[in-house]
Each structure stands twice: as C-alpha cells, then as structure tokens.
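Structural characterization, general
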Amino acid sequence: MTETATQVELDGQYRALREEAGFLPRDRTALLVKGPDAAEYLQGQLTNDTEAIEPDQGLYAALLDRKGHLSSDMRVLRLSSGELWLDLEPGPADGVLKHLRTYSIGREVEIEDVTDRWTVISLIGPRSAEVSGFEGLGPEHAQRSRQWEGTDVLGVATDAGVDLIVRAEDAAAIEAALATAGAVQVTDEAAEIIRVESGRPKFGLDMSADHMPAEAGIVERAVDFEKGCYIGQEPVARLHYRGKPNRTLRGLRLSAPASHGEMLRLGEKEVGTIGTACLSPAHGPIALAIVRREAEAGERLAVGDGDVTGEVIELPFTTD
C-alpha cells in the first residue's frame, strides 16, 4: 500500500473515531487482587484512594518508588464481586507484579496475573455507548455487565468511549458483533492520534521511571493528597505543596513530522525529548513531550538537528 493510500485509510479511521465509533484490541496486562485485605493493601501502595472505590466503579492511579518516581500507571476497578482489577502497560508489568507480591507477604491478599484469560477491546467515539449497548454508562471507570451474543461483557466507561472486557476466547465474536453494529475496526496508529490530542501520556512513551506524577501531568487524575501513606508519598506531597516541577507535560505543534526520542532545544539548551508523535488529520504533525518549565506555552523549540520546530502549547489540543 502506498504512503498516500495508507494516509487516506488512516484519515477514514480517524473520522470514524471522531464522528462515529471505532474499535481495537488493547495490549494490556491484567492483575486481579483479591482477599480480605486487598483494598487496604493497595491503599498503602498506590497514589489514589483505592479504599474509597465502590463496587462497579474505579479510578486511575500510579505505583511509585520511594523517591516519588513512576514505576507504572494503571486503571483500578472494583468489580461487582469485590475483587480489584488492575490493568496497565505490559512494559512495567513484571516489576509491578513482583513489587505487589513482595510487599503483600503477611497480608490476606492474593495478586494473580490473569492477562491470558481476558481481552480488553476499546470502543472509541461518540456512538460507542449506543453501538455496544452501554448507554448511560459513566463517569469514567464506571462498569456494567451485559450479555451480548451469548457472551458476558463488562463495559467500562473511558474518557473516549467504552472499554469491553471479555474472556480471551470470546474476543473474536465480540469484535464481529461490533462490526455488525456499525463500528469500524481501527489501528493502534489511529487510536494514538485520539490519545495525543486529548493530552493523556502513555507510560513507556511519554513518561517513565525518570518522572514524577507532577512532571507527567497526571496528578489531578492519579493522586489523592488526603488519603493515608503510600510509597513515594513524601516527595510527591512536598513537590505539590512547596515546589514547582522543573519539567511538565506539554503539547507540540510541529512544522513537520518528528519521531519519538528526538531532542528538543530552546536556544542552545536541551529541554526535553519528543514522547509520542503523530500526524493528526485535524492538527497536522503534533506530539507530547515532558519539557523543562522554561519551555513555556508559545515558545518555539528546535527538534533534532533543527530542521523541524515545535510550538509549545497547553494541553489538550483543541480545534482552531
């Protein structure tokens, strides 16, 4: 397929995601945390208030090291059974599983990797709830189960639509049902454009173990400053109440396409690197990047060898 044909196809998928509904399977690691001490245990490990989660609700959280740097971010769902479901990027999953099992010794809690048993299918777009039969599901992380094509489906509200959690052996049937209902199958590349435009960073691309939550721009969603102690709390609270992060997540409007990892400079000073970069049908070439705070909104940065430049903007990207 030619580059032009590929871009035309991508533009079509993007329109479906913005105007109708599109779906794709996600590569996520799923951990099931259960036992009488499960919520209390996670309360002392994660940045958000896991003990406050009601059944069929959830939240976004992070696991930190003792210096307040990110080990991983994750979605935490309290299932109707009372068990806690964590899903996260595969990259840091082994470390997270080892950490949670190590610190759970002596507690009535069990952490099980159930990735092979379940599939997460993301449905993105304004018609997501209608197409999937999950109308009225909200706010973000709210859950509801229903039978579809003889299959148990757990719908989870997201910022962009609905995630469907199904048994791995039922994934193909649900994807077929989605296509029959009018949803378009899309690529990771198309879904990434939606994520970048929304300004939500991805662990391993935009944020890493080098960053604190404030630098990654996830404090508002991921951190509860009134809950009890958790690993990494002190440096996170100190930065929040007494300081200002030296780096922060920004958007970049690029003069031409760029690549992940390319250096960003303000004058002669290196101020960061490109995180996720994409070509948006609505905005042209754009990117996310964690940059030093002197790279304020409106500044123009040199990218790589300087042939490409990027204007720093506040997130999310909005249509002019």
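Sequence order sets the numbering: in each chain, residues are counted from 1 along the sequence as written. Where totals are concerned, whole chains, interfaces and linings use all residues; where local detail is concerned, this predicted model gives features only for residues with pLDDT of at least 70, and gives and counts side-chain atom pairs only at 80 or more. Water and hydrogen atoms were dropped before computing side-chain values, which therefore reflect all heavy atoms in the structure.

**Regarding the environment of Gly 138**
Runs of H or I in DSSP of at least four residues are treated as helices and runs of E of at least two as strands, each being numbered from the N terminus. Here Gly 138 lies in the loop between helix 4 (128-132) and strand 8 (143-148). Working definition: with a 1.4 Å probe on protein chains only, accessible area under 20% of the residue-type maximum means buried, over 50% means exposed, and in between means partly exposed. Using a relative accessible area of 38% as the deciding quantity, one classes Gly 138 as partly exposed. Between the C-alpha atom of Gly 138 and that of Gly 155, which follows or precedes it by 17 residues, the distance is 10 Å.

**Some details on the pairing of strand 10 (residues 161-167)**
Burial within strand 10 is extensive, with six of its seven residues counted as buried. The pairing of strand 9 (residues 151-157) with strand 10 spans four bridges and is antiparallel. Residue Leu 154 lies in a different strand from strand 10, and its bridge partner there is Ile 165. In short, DSSP must find at least two bridges between two strands for them to pair. Between strand 9 and strand 10, which follow one another and run antiparallel, lie three residues.

**Examining the sheet that holds strand 7 (residues 118-124)**
Pairing is mixed in the open sheet, where six strands are placed in the order 8-9-10-7-1-11. Edge strands, defined here as strands with exactly one partner in the open sheet, are strand 8 and strand 11 (184-185). Two elements, strand 1 (residues 22-26) and strand 7, share five bridges in a ladder whose sense is antiparallel. Residue pairing across strands places Gly 22 opposite Ile 124, the latter belonging to strand 7. The contact criterion used throughout is that any non-hydrogen atoms of two residues lie within 4.5 Å. Axis definition: a line fit to C-alpha positions, over the contact stretch in the case of helices; interaxial angles, taken between N-to-C directions, run 0 to 180 degrees. Sheet contacts for helix 5 (residues 171-181): strand 1, strand 7, strand 8, strand 9, strand 10 and strand 11; angle to strand 7, the most-contacted strand, approximately 15°. Sheet contacts for helix 6 (residues 188-198): strand 1 and strand 7; angle to strand 1, the most-contacted strand, approximately 100°.

**Regarding the side chain of Thr 47**
As for its placement among the helices and strands, Thr 47 is situated in the loop between helix 2 (38-43) and strand 3 (57-64). A relative accessible area of 1% places Thr 47 in the buried class. In terms of polar contacts, Thr 47 uses its side chain to reach the backbone amide nitrogen of Ala 62, at 3.0 Å. Within 3.5 Å is the distance limit for a polar contact, defined as a pair of N or O atoms, with the added protein rule that one can donate a hydrogen and the other accept it, and that residues adjacent in sequence qualify only through two side-chain atoms.

**Brief notes about the environment of Gly 199**
Among the structural elements, Gly 199 can be located in the loop between helix 6 and helix 7 (213-216). Taking C-alpha positions, Gly 199 is 18 Å from Gly 261, a pair spaced 62 residues apart along the chain. The contact partners of Gly 199, leaving out residues within four places of it in the chain, are Leu 249, Leu 288, Leu 315 and Pro 316.

**Some thoughts on the packing of aromatic side chains**
Note on aromatic contacts: the rings of Phe and Tyr and the six-membered ring of Trp form a pair at centre separations within 6.5 Å, being stacked when their planes are under 30 degrees apart, edge-to-face when over 60 apart, and tilted otherwise. In total, this model carries two aromatic pairs according to the counting rule given. Relative to Trp 118, the ring of Trp 85 has its centre 6.3 Å away and its plane inclined at 85°; by these criteria the two rings are edge-to-face. Of this pair, Trp 85 sits in strand 5 (residues 84-88) while Trp 118 sits in strand 7, and the two are 33 residues apart along the sequence. When its relative accessible area of 3% is taken as the criterion, Trp 85 is described as buried. Pairing Phe 225 with Tyr 241 gives two aromatic rings, centres 5.7 Å apart and planes at 70°, and the pair type is edge-to-face. In this pair, Phe 225 sits in the loop between helix 8 (219-222) and helix 9 (233-242) while Tyr 241 sits in helix 9, placing the two residues 16 residues apart along the sequence.

**Considering the pattern of salt bridges**
The salt bridge criterion pairs a side-chain nitrogen of Lys or Arg with a carboxyl oxygen of Asp or Glu, the two atoms within 4 Å. Tallying each qualifying case throughout the model produces 20 salt bridges. Its salt-bridge partner being Asp 163, residue Arg 75 comes within 3.0 Å of it at the nearest N-O pair. Here Asp 163 lies in strand 10 and Arg 75 lies in strand 4 (residues 70-78), a separation of 88 residues in the sequence. Both residues of the pair, Arg 75 and Asp 163, belong to the buried class.

**Focus on the sheet that holds strand 13 (residues 263-266)**
Read around the barrel, six strands follow the order 12-15-14-13-16-17 and close on themselves; strand pairing throughout is antiparallel. On average, each strand axis in the sheet is tilted by 40° relative to the strand beside it, whichever way the strands run. In the sheet, strand 12 (residues 247-254) pairs with strand 15 (residues 284-292) via seven bridges, with the strands oriented antiparallel. Its bridge partner being in strand 15, Arg 247 is matched across the sheet by Arg 292. Contacting strand 14 (269-280) and strand 15, helix 6 runs over the sheet at an angle of about 135° to strand 14.

**Quick notes on the layout of surface pockets**
If you add up the space inside the largest pocket, you get close to 900 Å³. When residues of the lining of the largest pocket are traced back to their parent elements, those giving at least two are helix 1 (3-19), strand 1, strand 4, strand 7 and helix 6. Residues are called lining when one of their atoms sits within 4 Å of a cavity or pocket point, these points coming from a 1 Å grid over the protein atoms alone, where a cavity is a set in which a 1.4 Å probe fits but cannot get out and a pocket is an open set with protein on both sides within 12 Å along at least five of seven lines. Grid points are joined across faces, edges and corners, and a volume is the space filled by probe spheres set on the points.

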